[in-house]
Structures are given as structure tokens and as C-alpha cells.
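# Structural description and commentary
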Amino acid sequence: MSNIPADLKYTKSHEWLKLAADGTALVGITEHAQDQLGDMVYVEVPDAGRSVKANEACAVVESVKAASDVYAPVAGDVIEGNAGLADAPESVNQDPYGSGWLLKLKVADTAAVDALMDAAAYAAFVAAEEH
Amino acid sequence: MGNHTPLYDQHVRMGGKIVDFAGWEMPINYGSQIEEHHAVRRDAGMFDVSHMCVVDLSGAHTRAFLRKLLANNIDRLQAPGKALYSCMLNERGGVIDDLIVYFLREDFFRMVVNAGTREKDLAWLKQQAQPFGVSVRARPDFAMIAVQGPAARDHVLDLLQGDLRDCAAELQPFFAVTNIEDGEWFVARTGYTGEDGFEIVLPAADAERFWCALAERGVRPIGLGARDTLRLEAGMNLYGSDMTEDTTPLESGLGWTLGWEPAERDFIGRAVLDKQRAAGAPSKLVALLLEGKGVLRNHQKVLTAAGEGEITSGSFAPSLGRSIALARIPAAANGERCEVDIRGRLEPARIVKLPFVRNGEVKVAI
């Protein structure tokens, strides 16, 4: 069973979101997702200032195997893309919930975050997907 | 459920991530494809290639049959044990499969063909062999293990015994030795990585013991993922991607495998190839190095001054830290510069000479 931190929210497309008190949120892909994709070799993150809708493709993670879109869990404005990943895409594999974060959002409506899965629901979702 | 090789349980035990490959449940990696790739370039790795199909050809007229069947000239094989890489063509000059054939005795040759083409290959072989009275026998009773990398030969030799060991130690590249009368082991100094090493055909019942003995010596198991990046860096074609039944060897960078001489050797597909050679093939297969960041992928569009082409195999190349590809582009395209359409963005790439990597050494200027 992969690591699914209790303090994050999750999507069915395997992104995580961590909401801060100031209404900003970090977004990345889950440990399960990185494990499925394999070794990361290139990550494309959005520029600051871009507005994204919920479920809009906003980043690309490329493993040796394939390129995969990353979808915004909720709507918002991009505050920052993780520039550090340009030279260290492997952070997404090694530390998916830490230095492997992809983008920081100013969340448009924090109520939308409540509608995302919590850790228990995501764990059940992953388990169901595997069987 | 897919087919399992005799080593399937070992793959699962060693943490292999299992995927479907041409109907076989095979390991794509055992954790990190990139680490596996580097292990082969720097030390040694072992690959279960038992899904590939060993075909034994026997009969007095086997050589005459292969003269007709293969685009490369079987008469290049005069010394016992010598191997030859060749395409097997249809009447249109398209590639039915690429294969290695080993000359063992005048009445006995061994071939190794791809897993994904097994059924059509066997049907074609049997059909073509019939007038020559040649027996075509697939050998699912064998397993096949490739051990590749600078330390590969030493590891294997230490596990072999007696005459087989002595003969294997003396093997020149692209030669094989077998103790067919005594245990049916077959050791070839061939591979699909650009590194030195052996490919070993052995009875299925011996496979687990040999695999585990290699693992105990520190030889890493390598999945199909790294097998693909290793062969791409080595500039070796993959059947189904870089050549198909609809492309000729001349359009697939395989002109060097065509046995044009003697002119009277009438191999299957020759008429079409002779014409294409005289007129010039419309396209060619070239090697690309992406200048910037990003990853080249199969089927991305390539733009050259002479027109559009397409990537046939693209990936990240761990030994270069850059992305590389094989691409089919118009034959008239000259010079080094081209662009690749990566998800709507045109990225500059350079046409380079193959291979990208050989014997652990990067051969292209980065």
C-alpha cells in the first residue's frame, strides 16, 4: 500500500492538493501515480498568472515510459510552478508530497476543495482500481 | 491471462512490475528503469527473453532455403557457430520480421524471431520451407536469458562448466557455441544493448537455477523498459515500430543487411528492392537528438526542409541525459537540422550518426 498522507485531498486522476490557511494550495501527483508512471525524466509546469479550471490539464509529467497530463483538482490562478523540477524531475518519484510538488494555486473557491476525496476515500479508490 | 515464461515467478519475487507484452506477462521494470539501464552500461544485467521464439531448421537443403528466405546472404556464414542478422521479407519487400540466424551444421541452423510475430513467422517459414524439405521446429521447451554489460561475460563464464565454458570463453562477437548432444545449452555472443555479453538458450527446466545463480552474483534483473532504451541508444531497430510489413529495409536504415551479391541470388522481395535501390527509396530512417528539454515519442511529427517525417521510436536516453529517437524522414532531407512537434510546440532536433552509445561510451556530441 502506498503512502497517502491524511492531511491532503485527492482526485480520481491521482493528484493531491494541500490547502493552506491563506487560500493557496500546493498540487502534485500521488505516490501511487508516480509508482505507476515510473522514473520521471521531464516535468512541464505552468507559468505564474495562468488561470486554470477544475480538471484542466495544467502540467505534464514525463516518465521514461510516457507523457501524462496533470489536471488541476480545483479552479484557481497559478501562483508558481515548481522550477526546481527542471533539473530534478526525479523529485516527483522520490518525494511526491514534498519537493516533488508541481504547482501552487490561489484557489478560486475553497468550498470546491471539500468536494475532493480525503485520504481514506482515495485509498479505497486506489484499492478498487487495482482489482 | 497471458503466457508466462519459466522465469515468471522469479520476476514477481524480484519485484517486477508485470505488463502485457505481445500476449506475455513480462516485467517492465523491477523498480527503476533508469537504474537498470545504467547497471547494464556500467556492470551487468540479465534479461528474460524467453518470450522470443527459438526456431530450429533442419534438413539437407536448409542453406538453400535460407538463401531464398533471407534478405541477408546466408553464405556469409561459413564457420560453425557464426550468426547473421537479417530481415525476412514479403514479396513487396516489406519486413515480415527481423531475426538472428546461427549456422550450427550444414543440416541444422537455429533462428531467433520476435515474440509478437511468432505465429505469422512460423506460418511463413513452414510455407516457404516446404519445397526445400526443411523441417521448421519452434522450441517452447527452451528458455532464453540475455546477460549484457561490461562484466556480463565473466559472470556467465564462472557459472558454466567443462567444454561449454572453454568454448564460450573463446567466442568472438556474433558467434555461438552449443553442447547440443549434452544438455542442450547454447551460448551466443550477441545482444540487443550495444554492450558485450551473451544470449543463452537453455532448457526451460534449467532457467530458474541459472537466473538465481546470476542474481546471487549481483547481476541485476532488467525489465523490458530498459531493454528498449538500451537498444535505442545502441541504434538498433525494433520490429513493429521502426520497420513493418509496409516498409522496406532501405527505408528502415537496414541497407547494410541486404545481401545484394551475388546478383543471381533470388531472395524473396528482391525484385522490389532492386527497383527501389535503382530509383532511390522515398524515405530513410535517421537518428535524432533533441536539443532542449522534453521527450521525443513515437509518432511525433518531424519537420525537415524536404518535407514531413515521423518518429518511429522515441524516448529519454539515460546514458545521454537527453531525448533521442529514430525517425523516418524524406530521403531528400539534408543537413543536421529539423524540428519535432511535441504536443503542439516545435522543438529543434539534430540529425546524428548512429549509434548513440556503444560499449558504455556516448558516441554523439551532446
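Residues numbered from 1 in each chain as written. Chains lettered and ligands numbered in written order. Predicted model: local features only at pLDDT ≥ 70, side-chain atom pairs only at ≥ 80, totals over all residues.

## Describing the overall build of chain B
The line we're drawing: A run of H or I in DSSP becomes a helix once it reaches four residues, and a run of E becomes a strand once it reaches two; helices and strands are each numbered from the N terminus. With C-alpha atoms as the basis for the radius of gyration, the globule rule is written as 2.2 Å multiplied by the number of residues raised to the power 0.38. Here a residue counts as buried when 20 or more other C-beta atoms sit within 10 Å of its C-beta, as exposed when there are 12 or fewer, and as partly exposed otherwise, the C-beta atoms being derived from the backbone.
In terms of helices and strands, chain B carries 9 helices and 21 strands. The C-alpha atoms of chain B give 20 Å as radius of gyration, which agrees with the globular expectation for 366 residues (21 Å, within 12%). Looking at chain B as a whole, 48% of its 366 residues qualify as buried.

## Looking at the interface of chain B and chain A
As a measure of interface size, the accessible area lost when the parts come together is often cited. Note the cut-off: Any pair of residues counts as being in contact when their C-beta atoms, constructed from backbone geometry, are within 7 Å of one another. Residues are sorted three ways: Asp, Glu, Lys and Arg are charged, Ala, Val, Leu, Ile, Met, Phe, Trp, Tyr, Cys and Pro are nonpolar, and all the rest, Gly among them, are polar.
Counting residues at the interface gives 12 residues for chain B and 9 residues for chain A. Residue classes in the side of chain B that touches chain A are distributed as 3 nonpolar, 7 polar and 2 charged.

## Observations regarding the environment of A:Glu80
Tracing the backbone shows A:Glu80 in strand β8 (residues 76-81). Sequence-distant contacts of A:Glu80, defined by excluding residues within four places in its chain, comprise A:Ala48, A:Leu103 and A:Lys104.

## Examining the nonpolar core
Rules: Each nonpolar core consists of buried Ala, Val, Leu, Ile, Met, Phe, Trp, Tyr and Cys residues. Their C-beta atoms, within 7 Å, join them into a set. The start and end points of each domain follow an automatic or database-based domain assignment.
Formed by 140 residues in total, the largest nonpolar core has its most connected members in B:Ile145, B:Val147, B:Ile200 and B:Leu288. When we break this core down by domain, the ones giving at least three residues each are domain 1 (1-272) and domain 2 (282-366) of chain B.

## Observations concerning the confidence of the model for chain B
This is how it is decided: As a per-residue measure, pLDDT tells how confident the predictor is, with possible values from 0 to 100.
Per-residue pLDDT for chain B has a mean of 97; in total, 99% of the residues score no lower than 70. As scored by the predictor, the complex reaches a pTM of 0.94 and an ipTM of 0.86.

## Details of helix α3 (residues 62-69) of chain B
All names here are of chain B. Let me state the cut-off plainly: Arc, as used here, means the arc of the directions from the helix axis to the C-beta atoms.
Listed in full, the buried residues belonging to α3 are Thr62, Phe65, Leu66 and Leu69. Down the axis, α3 shows its buried residues gathered within 95° of arc, on one side only. Where α3 is buried, its residues contact β4 (53-58), β5 (83-89), β6 (95-105), β7 (108-113) and α4 (118-129).

## Description of the sheet that holds strand β11 (residues 186-188) of chain B
Residues and elements named next belong to chain B. Rules: Strands pair, by our definition, only if DSSP identifies at least two bridges between them.
Strand order in the open sheet formed by 6 strands is β10-β11-β12-β9-β3-β13, and the pairing between neighbours is mixed. Pairing within the sheet leaves two strands with one partner each, and these edge strands are β10 (176-178) and β13 (220-221). With 2 bridges joining them, strand β3 (residues 45-48) and β13 adopt parallel strand pairing. Its bridge partner being in β13, Gly45 is matched across the sheet by Arg220.

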